Amino acid sequence: MAETRRRLRSSTVVLGGMGVLAAALSACGSDPDRRCVDRDSYDYINGYKIVADKNCSSGTSSSGKGKKTGKTKVSDADWYYDADVSGGWADDGTFSRDEAVDRGGFGCSGSGGG
């Protein structure tokens, strides 16, 4: 009976370890967190004002296209990756998707976030 328990624990550890490895590897292939921001709204304390996603085109920058959101015109909206978000503002991120991917976490290639 004790031998059966030992095998069960051992297989549980192996399966759990494989799950952690799979999660780490799949995180590397996923897109980084992104927010659509107005580049013209930068504030030294708060960062960039977050605007509706529809102001940013799906894959590339929509800079200079002058899209409208209700009454407000967002003339320079762009995707801002891996930012700290607080109260409708995003800061400490990057406008480069490639740089955001290179910042990746555990198990990802790249130099890390240092």
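Structure shown above.
Residues numbered from 1 in each chain as written. Predicted model: local features only at pLDDT ≥ 70, side-chain atom pairs only at ≥ 80, totals over all residues. Heavy atoms only, no water.

Draft legend 1. Representation of the state of the cysteines within the structure. Following the criterion strictly, the structure yields one disulfide and no others. Across a sulfur-sulfur distance of 2.0 Å, Cys 36 and Cys 56 are joined as a disulfide pair. Every disulfide takes its handedness from the sign of the S-S torsion; for Cys 36 and Cys 56 that torsion is 90°, giving right-handed. In this pair, Cys 36 sits in strand β1 (residues 34-43) while Cys 56 sits in the loop between β2 (47-50) and β3 (67-69), placing the two residues 20 residues apart along the sequence. For Cys 36, a relative accessible area of 0% puts it in the buried group. (Disulfide = S-S within 2.5 Å. Helix = DSSP H or I, 4+ residues; strand = E, 2+ residues; numbered from the N terminus. Buried < 20%, exposed > 50% of the residue type's maximum accessible area, 1.4 Å probe, protein only.)

Draft legend 2. Examining the side chain of Asp 78 more closely. Mapped onto the elements of the fold, Asp 78 is located in strand β5 (residues 77-81). Classification of Asp 78 by relative accessible area gives buried; the value is 7%. A distance of 3.1 Å separates the side chain of Asp 78 from the side chain of Arg 39, its partner in a polar contact. (Polar contact = N/O pair within 3.5 Å; in protein donor to acceptor, adjacent residues only side chain to side chain.)

Any functional reading would require information beyond the geometric quantities listed.
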